[in-house]
Amino acid sequence: MARIFWVEDQTHWVEKFQPVLEGEAFDASPTEMQIFKFAEAACQHIKLAAEADRPDIALIDAHMNGNDAAGFSVSRTLNRKWPGLPIIYLSEHAGTGIEQEAFEGTGARDFIAKHQRNVEQVLCWRIRSVLREEAMRQTGGEQGSDRLESGELTIDTATWDIYWRGVKLMNPANPRRPLAPMPRKILRFLVEASPRPVSTGQMADWLDADPERFSYASYRQHIRTLRRAFDQAMGDEGHFQRLCREGQGIVTFGDEGAYCWKPVNTKGGTA
């Protein structure tokens, strides 16, 4: 049973997300939620709570009841009571100084924009990913069974998180944020299709994307993002893009607008 502690001052957001979260079995059992509308009440509850009341994860709205710092006060109280508790911000203030402060000042694990497309799914993915990371950390890094592996690449098929040589791929434009869902999906499909290449039309079909809008240019842009994410995981020195040019990793295939995943082994050759 996943126990979620949530502080959110706006009723319509609670009505939007609560049934989604309660209907999601994050660990194959019903989800238990504690929801507070006011930061002060949440902080008081945390201070008086017993150790057995420790939640598995906390969701926090940053700006509440006209106060930009309300969410941060809850974060600090949680950190003092239960150090290491994963905290995710669910906010309308993505891309602002509030997001920066959440990461740099309170050690937030993630920051999710409420108005993004498919936010309910994104929220569930991120929570599942954080809970899985916590479970792996507590068991010394043991791996679960929901994994697609190819050489040193591992894809968590439950969360779609991608690990290269043990390092999680992040957004190359903002290393504090996860890699966007679309390039993650593309890589998974490429790995599943390997050694066969996947054309633009095939990828659009697998993604259930509009073929009129999913052009080779957009496919190429997502591949470029993936290659940069791999490079970032390898120290951002262009190693992975050099491997691609040598016919390993994510390889451009022929003149048909296709790409192919070529596994890379520890010696630098194709597996």
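The paragraphs below set out a description of the structure included in this document.

Conventions used here
Residues numbered from 1 in each chain as written. Predicted model: local features only at pLDDT ≥ 70, side-chain atom pairs only at ≥ 80, totals over all residues. Heavy atoms only, no water. Helix = DSSP H or I, 4+ residues; strand = E, 2+ residues; numbered from the N terminus. Rg over C-alpha atoms; globule rule 2.2 N^0.38 Å. Buried < 20%, exposed > 50% of the residue type's maximum accessible area, 1.4 Å probe, protein only. Contact = heavy atoms within 4.5 Å. Areas by Shrake-Rupley, 256 points an atom, 1.4 Å probe, with all protein chains shown as cover. Lys, Arg positive; Asp, Glu negative; His and termini not counted. Charge placed at Lys NZ, Arg CZ, Asp CG, Glu CD. Core = buried A, V, L, I, M, F, W, Y, C linked by side-chain atoms within 4.5 Å. 1 Å grid on protein atoms, 1.4 Å probe; cavity = no way out; pocket = protein on both sides within 12 Å on 5 of 7 lines; lining within 4 Å. Points joined across faces, edges and corners; volume = space filled by probe spheres on them. Nonpolar A, V, L, I, M, F, W, Y, C, P; charged D, E, K, R; others polar. Pairing = 2+ DSSP bridges. Axes fitted to C-alpha atoms, helices over the stretch in contact; angles between N-to-C directions. Right-handed = clockwise from strand over helix to strand, strands pointing away.

### Overview of the overall build of the chain
- In terms of regular secondary structure, the chain is built from nine helices and 13 strands.
- By the compact-globule yardstick of 18 Å for 271 residues, the chain fits well, its C-alpha radius of gyration being 20 Å.
- Counting only C-alpha atoms, the chain reaches 60 × 40 × 35 Å along its principal axes.
- Counting across all 271 residues of the chain, residues that qualify as buried make up 46%.
- Once local pairs closer than 6 in sequence are excluded, the contacts in the chain between residues at least 24 apart make up 60%.
- In the structure as shown, the chain presents an accessible area of about 13,000 Å², 47% of it carried by carbon and sulfur atoms.
- Across the chain, the centroid of the 33 positively charged side chains sits 4 Å from that of the 38 negatively charged ones.

### Things to note about the nonpolar core
- Residues Leu 187, Leu 190, Ile 250 and Trp 261 are the most contacted members of the largest nonpolar core, which totals 30 residues.
- Looking at this core element by element, the count peaks at six residues for helix α6 (residues 181-193).
- Once residues within four sequence positions are removed from consideration, Leu 190 is found in contact with Val 198, Met 203, Tyr 219, Ile 223, Ile 250, Tyr 259, Cys 260 and Trp 261.

### Brief notes about empty space enclosed by the protein
- Within this structure, the stated rule accounts for one cavity of 30 Å³ or more.
- What lines the largest cavity is simply Trp 125, Trp 160, Pro 181, Arg 184 and Lys 185.
- No other element matches the three residues that α6 contributes to the lining of the largest cavity.
- Here the residues of the lining of the largest cavity are counted per class, giving three nonpolar, no polar and two charged.

### Side note on the sheet that holds strand β2 (residues 32-36)
- Strand order in the open sheet formed by five strands is β2-β1-β3-β4-β5, and the pairing between neighbours is parallel. The outermost strands of the open sheet, each flanked by one partner alone, are β2 and β5 (110-113). With direction set aside, neighbouring strand axes in the sheet form an average angle of 20°.
- Sheet topology places strand β1 (residues 3-7) next to strand β3 (residues 57-60); four bridges connect them, and they run parallel. Of the residues in β3, the one forming a bridge with Trp 6 is Leu 59.
- Together, β1 and β2 form the strand contacts of helix α2 (residues 39-48), whose direction differs from that of β1 by roughly 140°.
- Seen against the sheet, helix α4 (residues 97-106) touches β4 (87-91) and β5 and runs at an angle of roughly 165° to β5.

### Here's the deal with the pairing of β4
- Most of β4 is tucked away: five of the five residues are buried.
- Because side chains alternate across β4, one face comprises the buried residues Ile 87, Tyr 89 and Ser 91, and the other comprises Ile 88 and Leu 90, equally buried.
- Note that β3 and β4 share three bridges and pair parallel. In the strand pairing of β4, Ala 58 is matched with Ile 87.
- Examined bridge by bridge, β4 and β5 share four bridges and lie parallel to one another. Note on β5: the bridge partner recorded for Leu 90 is Ile 112.
- Chirality of the crossover, the property in question, places the unit of β4, α4 and β5 among those that are right-handed.

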